[in-house]
2 protein chains.
Amino acid sequence: MKPNFSLRLRLFNLNCWGIPYLSKHRADRMKRLGDFLNMESFDLALLEEVWSEQDFQYLRQKLSPTYPAAHYFRSGVIGSGLCVFSKHPIQEFTQHVYTLNGYPYMIHHGDWFCGKAVGLLVLHLGGLVLNAYVTHLHAEYSRQKDIYLTHRVAQAWELAQFIQCVSLGLTGEVGWGQGLRGGQVPTYRRAELVREERLPHQPGSPSHTSKKADVVLLCGDLNLHPKDLGCRLLKEWTGLHDAYLETRDFKGSEEGCTMVPENCYVNQRELEPFPFGIRIDYVLYKAVSGFYISCKTLRTTTGRDPHSGTPLSDHEALMATLCVRHSPPQHIPSPSHGPAERSPLTSILKEAWTELDLGVAQARWWATFAGYVIGLGLLLLALLCALAAGGGVREVAILLWTPSVGLLLGAGAVYLFHMQEAKGLSRARAELQHVLGRAREAQDLGPESQPALPLGQQEGDGTEEQ
Amino acid sequence: MKPNFSLRLRLFNLNCWGIPYLSKHRADRMKRLGDFLNMESFDLALLEEVWSEQDFQYLRQKLSPTYPAAHYFRSGVIGSGLCVFSKHPIQEFTQHVYTLNGYPYMIHHGDWFCGKAVGLLVLHLGGLVLNAYVTHLHAEYSRQKDIYLTHRVAQAWELAQFIQCVSLGLTGEVGWGQGLRGGQVPTYRRAELVREERLPHQPGSPSHTSKKADVVLLCGDLNLHPKDLGCRLLKEWTGLHDAYLETRDFKGSEEGCTMVPENCYVNQRELEPFPFGIRIDYVLYKAVSGFYISCKTLRTTTGRDPHSGTPLSDHEALMATLCVRHSPPQHIPSPSHGPAERSPLTSILKEAWTELDLGVAQARWWATFAGYVIGLGLLLLALLCALAAGGGVREVAILLWTPSVGLLLGAGAVYLFHMQEAKGLSRARAELQHVLGRAREAQDLGPESQPALPLGQQEGDGTEEQ
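Calculation notes
- Residues numbered from 1 in each chain as written.
- Chains lettered and ligands numbered in written order.
- Predicted model: local features only at pLDDT ≥ 70, side-chain atom pairs only at ≥ 80, totals over all residues.
- Heavy atoms only, no water.
- UniProt positions renumbered as here; feature names shortened; annotations may be inferred.
- Helix = DSSP H or I, 4+ residues; strand = E, 2+ residues; numbered from the N terminus.
- Buried < 20%, exposed > 50% of the residue type's maximum accessible area, 1.4 Å probe, protein only.
- Contact = heavy atoms within 4.5 Å.
- Areas by Shrake-Rupley, 256 points an atom, 1.4 Å probe, with all protein chains shown as cover.
- Pairing = 2+ DSSP bridges.
- Axes fitted to C-alpha atoms, helices over the stretch in contact; angles between N-to-C directions.
- Expected span 1.5 Å × (residues − 1).
- Salt bridge = Lys/Arg side-chain N within 4 Å of Asp/Glu carboxyl O.
- Phe/Tyr/Trp six-rings, centres within 6.5 Å; stacked < 30°, edge-to-face > 60°.
- Lys NZ or Arg CZ within 6 Å of the ring centre and 35° of its normal.
- Patch = residues over 30% accessible without salt bridge, like charges linked within 9 Å, V, L, I, M, F, W, Y side chains within 5 Å.
- Parallel < 35°, antiparallel > 145°, perpendicular 65-115°, else oblique.
- Left-handed = near helix turned anticlockwise from the far one by under 90°.
- Nonpolar A, V, L, I, M, F, W, Y, C, P; charged D, E, K, R; others polar.
- Polar contact = N/O pair within 3.5 Å; in protein donor to acceptor, adjacent residues only side chain to side chain.

Chain A carries the name sphingomyelin phosphodiesterase in an unreviewed UniProt entry, which gives Ursus maritimus as its organism. The record in UniProt for chain A states the following under Subcellular location (unreviewed entry): "Membrane". Under the Sequence similarities (unreviewed entry) heading, UniProt states for chain A: "Belongs to the neutral sphingomyelinase family."

Asks: An account of the overall build of chain A is needed here, citing residue identities and associated values.
Replies: Scanning chain A for helices and strands turns up nine helices and 13 strands. Looking at the 466 residues of chain A, the share that counts as buried comes to 63%. Put simply, of all contacts in chain A between residues at least 6 apart along the chain, 74% involve residues at least 24 apart. Accessible area for chain A stands at about 17,700 Å²; split by element, carbon and sulfur atoms hold 59% of it.

Asks: Go over the sheet that holds strand β3 (residues 69–72) of chain B with me, naming the residues and quoting the values.
Replies: Residue and element names in this part refer to chain B. If you trace the seven strands from one edge of the open sheet to the other, you get β3-β4-β2-β1-β13-β12-β10, paired in mixed fashion. The strands lining the two open edges of the sheet, one partner per strand, are β3 and β10 (250–251). With respect to the sheet, helix α1 (residues 26–40) is in contact with β1 (6–15), β2 (44–48) and β13 (318–326), its orientation differing from that of β1 by roughly 175°.

Asks: Can you lay out α1 of chain B for me, pointing to particular residues and giving the numbers?
Replies: Since there are 3.6 residues in each turn of an α-helix, residues three or four apart along the chain are aligned in direction. All names here are of chain B. The end-to-end C-alpha distance of α1 is 21 Å, a good match for the 21 Å that 15 residues give at a rise of 1.5 Å each. Where α1 is concerned, the buried positions are R29, M30, R32, L33, G34, F36 and L37. Among the structural elements, β1, β2, α2 (53–63) and β13 are those in contact with the buried residues of α1.

Asks: Which residues make up the sheet that holds strand β5 (residues 90–97) of chain B, and what values go with them?
Replies: Residues and elements named next belong to chain B. Read across the sheet, six strands follow the order β5-β6-β7-β8-β11-β9 without closing on themselves; strand pairing throughout is mixed. Here the strands that pair on one side only, and so sit at the sheet edges, are β5 and β9 (241–242). Direction of pairing for strand β6 (residues 117–125) relative to strand β7 (residues 128–136): antiparallel, over a ladder of eight bridges. Across the sheet, the residue bridging to L121 is A132, located in β7. Helix α4 (residues 149–168) rests against β5, β6, β7, β8 (215–221) and β11 (281–287) of the sheet, and its axis sits at about 165° to β7.

Asks: Let's hear about unusual backbone geometry: which residues, and what values?
Replies: Residue and element names in this part refer to chain A. Despite not being glycine, Y21 shows a phi value in the positive range, around 70°. Structurally, Y21 can be placed in the loop between β1 (6–15) and α1 (26–40). One non-glycine residue, E49, lies in positive phi territory at about 55°. Tracing the sequence through the fold places E49 in the loop between β2 (44–48) and α2 (53–63).

Asks: Please provide a residue-by-residue account of the pattern of salt bridges, values included.
Replies: Counted by the stated rule, this structure contains 36 salt bridges over all chains. Here R26 of chain A and D55 of chain A are joined by a salt bridge, their closest N and O atoms 2.7 Å apart. On the criterion of sequence distance, the pair formed by R26 of chain A in helix α1 and D55 of chain A in helix α2 is long-range, its members being 29 residues apart. By relative accessible area, which is 8% here, D55 of chain A ends up buried. R32 of chain B is paired through a salt bridge with D28 of chain B; the nearest N and O atoms lie 3.2 Å apart. Of the two residues, R32 of chain B and D28 of chain B both sit in helix α1, four residues apart, roughly one turn of that helix. The class for R32 of chain B is buried, based on a relative accessible area of 14%. Through salt bridges with shared partners, a single network forms among K31, D35 and K62 of chain A.

Asks: Please give an account of the environment of R29 of chain A that cites residues and values.
Replies: Residues and elements named next belong to chain A. Here R29 is to be found in helix α1. In this structure the C-alpha to C-alpha distance between R29 and G18, which are eleven residues apart in sequence, comes to 9.0 Å. Leave out the neighbours within four places in its chain, and R29 touches C16, W17, S23, K24, Y265, P311, L312 and S313.

Asks: Residue-level account of the packing of aromatic side chains, with values.
Replies: Enumeration according to the criterion identifies 34 aromatic pairs over all chains in this entry. Aromatic side chains Y103 of chain B and F417 of chain B sit 5.6 Å apart centroid to centroid with 70° between the ring planes, which places their arrangement in the edge-to-face category. With Y103 of chain B in the loop between β5 and α3 (111–114) and F417 of chain B in helix α9 (residues 394–445), this residue pair connects regions lying 314 residues apart in the sequence. This pair shows no difference in class: Y103 of chain B is buried, exactly as F417 of chain B is. Every member of this aromatic cluster is reached through a ring pair, and the members are Y103, Y105, Y141, Y148 and F417 of chain A. Looking at R325 of chain A, its charged tip hangs above the ring of Y292 of chain A, at a distance of 4.5 Å from the centre.

Asks: An account of a nonpolar patch on the surface is requested, with residue identities and associated values reported.
Replies: Residue and element names in this part refer to chain A. Taken together, the side chains of L380, L383, L387, V393, V396, L400 and L407 define a hydrophobic patch exposed on the protein surface, amounting to about 570 Å² of accessible area. Mapped by element, the contributors of at least two residues to the nonpolar patch are α8 (339–390) and α9 (394–445). Assignment of secondary structure puts L380 in helix α8. A residue is classified by how much of its surface remains accessible, and L380, at 36% relative accessible area, is partly exposed.

Asks: Provide a residue-level description of the UniProt feature "transmembrane region" (unreviewed entry) in chain A, including the pertinent values.
Replies: Residues and elements named next belong to chain A. The UniProt entry lists residues 369–390 and 396–417 under the feature "transmembrane region" (unreviewed entry), expressed in the numbering used here. Taken end to end, residues 369–390 is 100% helix and 0% strand, and its two terminal C-alpha atoms sit 32 Å from one another. Counting secondary structure, residues 396–417 comes out at 100% helix and 0% strand; the distance between its end C-alpha atoms is 32 Å.

Asks: Please provide a residue-by-residue account of the pairing of strand β7 (residues 128–136) of chain A, values included.
Replies: Residue and element names in this part refer to chain A. Across the nine residues of β7, nine count as buried, placing the element largely inside the fold. Covered by surrounding structure in β7 are L128, L130, A132, V134 and H136 together with V129, N131, Y133 and T135, the residues of both alternating faces. Sheet analysis places β7 next to strand β8 (residues 215–221), joined by seven bridges and oriented parallel. Within β8, the residue paired with N131 across the bridge is V216.

Asks: Could you give an account of the packing of α1 of chain B against α2 of chain B, with specific residues and numbers?
Replies: All names here are of chain B. Viewed as axis vectors pointing N to C, α1 and α2 meet at an angle of 30°, and their least axial separation amounts to 10 Å. Relative to α2, the element α1 lies roughly parallel. For the element pair α1 and α2, the recorded crossing hand is right-handed. Note on element contacts: α2 touches α1 through D55, Y58, L59, K62 and L63, opposite R26, M30, K31, L33, G34, D35, L37 and N38. Counted by class, the contact of α1 with α2 contains six nonpolar, two polar and five charged residues.

Asks: Tell me about helix α6 (residues 229–238) of chain B, and please be specific about residues and values.
Replies: Residues and elements named next belong to chain B. Counted residue by residue, α6 has eight buried out of ten residues, so it is predominantly covered. Listed in full, the buried residues belonging to α6 are L229, G230, C231, L233, L234, K235, W237 and T238. Remark: G239 follows α6 within two positions and exhibits a positive phi of approximately 75°.

Asks: Which residues make up the side chain of Q95 of chain B, and what values go with them?
Replies: With respect to the element layout, Q95 of chain B can be found in strand β5. For Q95 of chain B, the side chain forms a polar contact with the main-chain oxygen of R74 of chain B, separated by 2.6 Å. Non-local contacts of Q95 of chain B, meaning those with residues more than four positions away in its chain, are made with R427 and E431 of chain A together with F73, R74, S75, V118, G119 and F162 of chain B.

Asks: Requested: an account of the environment of G115 of chain A, with residues and values cited.
Replies: All names here are of chain A. You can see G115 is positioned in the loop between α3 (111–114) and β6 (117–125). Overall, the relative accessible area of 9% leaves G115 in the buried class. The spatial distance from the C-alpha of G115 to the C-alpha of T99 is 8.9 Å, given a sequence separation of 16 residues. Discounting residues that sit within four places of it in the chain, G115 has contacts with S75, G76, S80, V97 and N101.

Quick look at the structure:
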């Protein structure tokens, strides 16, 4: 690779609002989306809410000359709605379905049935390994009384952990609150530095084969405003940069909003508290391994189709031009984690822990409540059996059987579901607690003793397991 | 790290058979297990079927002086049953819950409620990064008529992909049917070689931070015999070596079996076709990045407690001593994938694809059948409503309401479940198809054109998406 290596990457992201029978002008919008993507010829188009596999097949056929590679991520009962079209060959793909994703009995919201997920594509572009993630988190149906807040925080954490795990190295990359900026060489966690001291690179040894991504990209509808806990958690934990905040050349909707009142498909009442709209769709990126990435331009649609008058979806499309270039070898800055510096990430992790802890308590409360209802239902059923056998109010007893059995089965399902929810939330809480424990331990020992510090020793302190 | 660096790792694995109220002598066995683990002081003890969190907490407390780090992997309604005790600090942990894991209406089998999973621990041992996985796949209740075969194959594939994704690099490591042996430097897939040519290591660049594991270890109850499709798929796709087959110093049960007729807790009738027992618990390992790993000794219990007379579980424990040492820089062998050489892995992948394809068809059949039952149930309910309103057979009509509503709800649940199953199996099938497509393409182009071959181009050929 030449020292002046440079790669330009043009991306498209859109939540397509493709609900069969419910979304307006779906077929027409899909057609126009296909035309637009063909005309613009992006490197990568990442789509959400393509709920119908027929729509994907239609787009696939239409786009195949320009985007020969495509994949549809299947999950849940309905599907994740995620798909991707690429001008370049897809080396590998995989997906991770979120453990928690709403409640099955909230049928009118439907998120549970989708099996919301994060999809990963690995592309090799001119010798560069690009890991591109596409996702869609649980919808926010009410900002005032958001019953899905905990699930979205858990999803954001799971997403961040998945990216960290697959692309960035579980023990690598992000330091404590160092405020990484685009293209900077990040500071490393201490364990890595220790390892580097002991394990110098062996020339000729095949360590490159176990290398992760050079560039990580995350696009999608996070259903999170930029200041929301889930969004801050995701960005801080992975060190991903927000294209809207990083670019110097932005054109599009006010404040980069991706749901705007100008869009005729948007429910205007929901946007009333936000005069410019809301920003919930993102292009996030990061370069590792001595590469430098920046966002040259970012465009959004503005409530209208780029060409005709009607919009492509109820969300606005994001179009980014990213530039990746080789970064010259740099000195790895030694970590200088003082208590003050560590605070931003630590406080976010603590906030997330508190949110999940509340969620665990609430899930357990529902499971207990359902347990009592099951007991009551069994009692009622026994009583009705006795009445029906005895005669007298026999007809009434028989009539009440159906709702009693229904009550019992319903409560049983609610019990099982909330038990599972409590387990899922406990898992995320334990992971956060582990991370916070490491931070606390590092803080207690102070910066001067860092290089010899074996992280993670608090595992056995008993506080994490509850 | 000195050139004569060497690390000895002592491991313990046991499926503990810890079902509350059902497993015999549970409390006593847990106590003796704790005593044994304390006495032996392994580096890592990986346990399955610790279904009760109280048992984990008991062991945690008992083992804390010898094993200061511990983690319990929570998932599903009951839990994954997986836990781990480590003498060394745990740097990170995460888990992946299998998409498919039996049927919720098979309550007497219970696997669905457990949320079977794979847990991952990252340990740093003397500058070496060890990724230790522990797992437990769906049980096999009948070998003659195994209705969970497809799910276990899908789980084995998901497990292999998870290990590949997190520890080995999605596009790295395993070549086509090269028959890796313990400690050999593997051949690499072509894309990696291409990348290496274009991307020489930049001295001083921080590429080490995105490095994956040095040593990968997988322990657990796979519920798969060594020749079963799932086991072959897992081993071939990840390149993991089987401690029992690799070691020169084995002592224990005949043929390394982990469920033996000598064990008094084992159902003797189930083992009738297997006079020595069955081998379904494994210690698998692999070294990457210029390390060499071998299994010095492997021991199993033989149906009795190592000290007293009664066994610790219905499974036998595995105790392995692994030795990791630095491997001198070696030449990366150039790939020589002829069609003949490629065949073992390809044929396994094809076999798995066929199995999953059958599973998809069956899941769709069940969903369709349930759809018809829903229609019939609705019709019946309408008829009963009409009869009840009309009088005459009123009482009978009312009496039949409950089973009709039950039928409807039951069929609805079965429909949703099998739709989800079909999606999950389709996903695994698509991943296998992608891999097979790459192999086919490589084969078509022949070995001489390999270095310039961009893999994965078949993505857009339309055959993968069905």
